[in-house]
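Coordinate inspection notes
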Amino acid sequence: MKPARLLLLLSGCALLLAPAVRGCGPGRVVGSRRRPPRKLIPLAYKQFSPNVPEKTLGASGRYEGKIARNSERFKELTPNYNPDIIFKDEENTGADRLMTQRCKDRLNSLAISVMNQWPGVKLRVTEGWDEDGHHSEESLHYEGRAVDITTSDRDRNKYGMLARLAVEAGFDWVYYESKAHIHCSVKSEHSAAAKTGGCFPGRALATLEDGAQTPLWALRPGQRVLAMDGAGRPTYSDFLAFLDKEPRALTTFHVIETQEPPRRLVLTPTHLLFVAENASAPTAHFRPIFASLVHPGHFVLVVAEGGSLQPAEVVRVWDRRDVGAYAPLTRHGTLVVDGVVASCFALVQEQQLAQLAFWPLRLYHSLVGWPGVQGNGVHWYSGLLYRLGRLLLPPDSFHPLGISQAES
C-alpha cells in the first residue's frame, strides 16, 4: 500500500478514537506542537477560483430565478446582523444584509479571517441581495447567493489576499472582479450543486434479507440489505449509517437504463458504479467508475430472477431532478439499489481505498452498537475523511465536482 494511502487509513483510525473529533470537530491535543500556518497566495486581478464559470456545477451552480420580497422563496433569505461586518446598504432598505444561510455562514467565517489577518480591519459588504435589477441578467445577487466585498479601510492592496481568504472561508466561487471589490457567490441551498458527495434519491429501493423492498429513506441501522461481496457474489450486508442524508435536497441525478433485463438506476454523477466493457467479464472483474463516465455500451451488474448477479448492457443515460438524497453505508461497501449493484462510495474512484478508509467506522459500530436517529447532512466521519484525503491524495484522485473548492 502506498504511504499516503496507509496514512489516510491510520488518520481515519485516529479521528475515530479522538474525543475532540467525536464531539464538535478537530481540536488541538494539549501539549502538541502547532504546525506552521499554510502560506496563502493572493488571487491575481481578474482571477477566479475555482477556475470554471460561476454558474456551473463545479462552482456555484445554475441560476434558479430572481427572489422578490413578495415571492414564496423570500423566506430562503436571512438577515445578517454580524457586528464584525460593515454593510454599505446604500439603498437604505437592509437588502444588502439579506442572503441565503450558506452565504451568511461563509461571510461570517470570512469576517473572522479578515480580523485575524489585519487587526483593526473589518469585512465590508458593498452589494448583497439585489431587488432593484442593478446587476446583469441571471446574476446570483438576485437570489441572495452573491456578495461584493472590500475591507473596511478600502486598501486595494489587500484585495488579492481578501479574495484568497474568501476561498478559504468556503465560498463556492470567488472572483477578483474589479479593482474596487471582490465578488463571491455560493451554491443554492437546495440544489445538487450544494453537495459534493454521491447519493441516491430517497425513494430508490433496497432489498431486505426477507426479500421485502424498502425505500432508502426508511433504512434503519442493523437492517441487512442485498449487496455484493469482494468476490462478486450477492450477499446481505449490515446497513450502518448514511454518509449523507438530505431529505429536502433538490438534486440533479444521472439515470442509467439497461435492457435484458431492464433496470433503471438513479444516482449522482460522483457516485461509483461497477462497470465492464463487455458481458463476458466475471462479476469480480467489474471495475468501479464514476456514474458520470458510464455510457451506452457499458455493462453493469444487475440482480437476475433467481437472485444471482448478471451483466446488463446500458442503453440510455440522461439527467433528471428529484427530491431527497441519501448515501447508505453497508459493511461490505456495496448496495443493490433498484436491482443494480452500486458502491456506497463517491468522489474517489477507488473502491478498495474507500472501503479501507471506512474500516474504523465499521469497527466503531461493532464496538458501541447502532446509533440513534441520525441527523441530516454529511456524516461527520465522512466529512473529515474527505478533508484528510484532500491533504494526502493528489487532486486527480477526485471527481471534478468534488474539488470545486480547490485552489485554482
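A quick note: this is a predicted structure, and the numbers were derived from the prediction, not measured.

Let's talk about the nonpolar core
Of all hydrophobic cores here, the largest spans 45 residues; its most connected members are Phe-200, Leu-216, Leu-273, Leu-329, Phe-345 and Phe-358. Top contributing element to this core by residue count: strand β12 (residues 234–259), with seven residues. The next biggest cluster of nonpolar side chains, apart from the first, holds 29 residues, and it includes Ile-85, Cys-103, Val-121 and Ala-163.

Topic: the packing of helix α3 (residues 101–117) against helix α4 (residues 159–168)
It is at 9 Å that the axes of α3 and α4 come closest, and there the two elements cross at 135 degrees. Between α3 and α4, the angle falls in the class oblique. When the axes of α3 and α4 are compared, the crossing they make is right-handed. Between α3 and α4, the contacting residues are Leu-110, Ser-113, Val-114 and Gln-117 on the first element and Met-161, Leu-162, Leu-165 and Ala-166 on the second. Looking at the contact of α3 with α4 residue by residue, the class counts come to six nonpolar, two polar and no charged.

Thoughts on unusual backbone geometry
Glycine aside, residues mostly have negative phi angles, and peptide bonds mostly take the trans form. Here Ser-49 and Pro-50 are connected by a cis peptide whose omega angle stands at 0 degrees. With an omega dihedral of -5 degrees, the bond running from Glu-260 to Pro-261 counts as a cis peptide bond. Position of Pro-261 among the secondary structure elements: in the loop between β12 and β13 (263–267). The residue Lys-46 is not glycine, and still its phi comes out positive at about 75 degrees. Within the secondary structure, Lys-46 is located in the loop between α2 (19–23) and β1 (48–49).

Topic: the sheet that holds strand β6 (residues 146–151)
If you walk across this open sheet you meet the six strands as β1-β7-β8-β6-β5-β3, and the pairing is mixed. The sheet is open, and its two borders are formed by β1 and β3 (85–87), each paired with just one other strand. Sheet strands touched by α3: β3, β5 (123–127) and β6. Its angle to β5, the strand with the most contacts, is close to 140 degrees.

Notes on α3
Between its first and last C-alpha, α3 extends 24 Å over 17 residues, near the 24 Å set by a 1.5 Å rise per residue. Inspection of α3 places Arg-102, Cys-103, Lys-104, Arg-106, Leu-107, Leu-110, Ala-111 and Val-114 among the buried residues, and these make up the whole buried set. Close packing links the buried residues of α3 with β2 (78–79), β3, β4 (98–99), β5, β6 and α4.

Concerning the side chain of Gln-355
In this fold, Gln-355 is placed in helix α5 (residues 351–357). Setting aside anything within four residues of it in sequence, one finds Gln-355 in contact with Arg-331, His-332, Gly-333, Phe-345 and Arg-362.

A word on the environment of Gln-47
Structurally, the position occupied by Gln-47 is in the loop between α2 and β1. Taking relative accessible area as the criterion, Gln-47 reaches 23% and is therefore assigned partly exposed. Between the C-alpha atom of Gln-47 and that of Ala-163, which follows or precedes it by 116 residues, the distance is 9.4 Å. Of note is the side chain of Gln-47, whose polar atom sits 2.8 Å from the backbone nitrogen of Ala-44.

Quick word on the confidence of the model for the protein
Predicted coordinates in areas of low pLDDT are best not read in detail. Confidence in the prediction for the protein averages 83 pLDDT; 84% of positions are at 70 or higher. Note that pLDDT drops below 50 for residues 3–8; the model gives that stretch 12 contacts with residues more than four away or on any other chain. Low confidence marks residues 192–196, where pLDDT is under 50. Its contacts with residues over four positions away, or in another chain, come to 20 contacts.

Cut-offs and rules
Sequence order as written defines the numbering, with residues in each chain counted from 1. Only residues with pLDDT of 70 or above have their local features reported here, since the model is predicted, and side-chain atom pairs are shown and tallied only from 80 upward, although totals for entire chains, interfaces and linings are computed over all residues. No hydrogens and no water enter the side-chain calculation; it runs on all heavy atoms of the structure. Side-chain atoms within 4.5 Å are what join buried Ala, Val, Leu, Ile, Met, Phe, Trp, Tyr and Cys residues into a set we call a nonpolar core. For every residue, the accessible area (1.4 Å probe, protein chains only) is compared with the maximum for its type, and the residue is labelled buried under 20%, exposed over 50%, or partly exposed between those bounds. The way it works is that DSSP assigns letters per residue, a run of H or I at least four long becomes a helix, a run of E at least two long becomes a strand, and they are numbered from the N terminus. Interaxial angle, 0 to 180 degrees, is taken between N-to-C directions of lines fitted to C-alpha atoms, where a helix line uses only the stretch in contact. Relative orientations are named as follows: roughly parallel for angles under 35 degrees, roughly antiparallel for angles over 145 degrees, roughly perpendicular for angles from 65 to 115 degrees, and oblique for any other angle. Crossing handedness is defined as follows: a turn of the near helix away from the far one that is anticlockwise and smaller than a right angle gives a left-handed crossing, while the clockwise case is right-handed. Two residues form a contact once any of their heavy atoms are found within 4.5 Å. All amino acids are sorted into three groups, where Ala, Val, Leu, Ile, Met, Phe, Trp, Tyr, Cys and Pro are nonpolar, Asp, Glu, Lys and Arg are charged, and the leftover types, Gly among them, are polar. Criterion used throughout: strands pair if DSSP finds at least two bridges between them. Residue count minus one, scaled by 1.5 Å, sets the expected span of a helix. Two N or O atoms form a polar contact when they lie within 3.5 Å of each other; inside protein one atom must be a possible hydrogen donor and the other a possible acceptor, and for residues adjacent in sequence the pair counts only when both atoms belong to side chains. Every residue gets a pLDDT, meaning the predictor's confidence in that residue, from 0 to 100.

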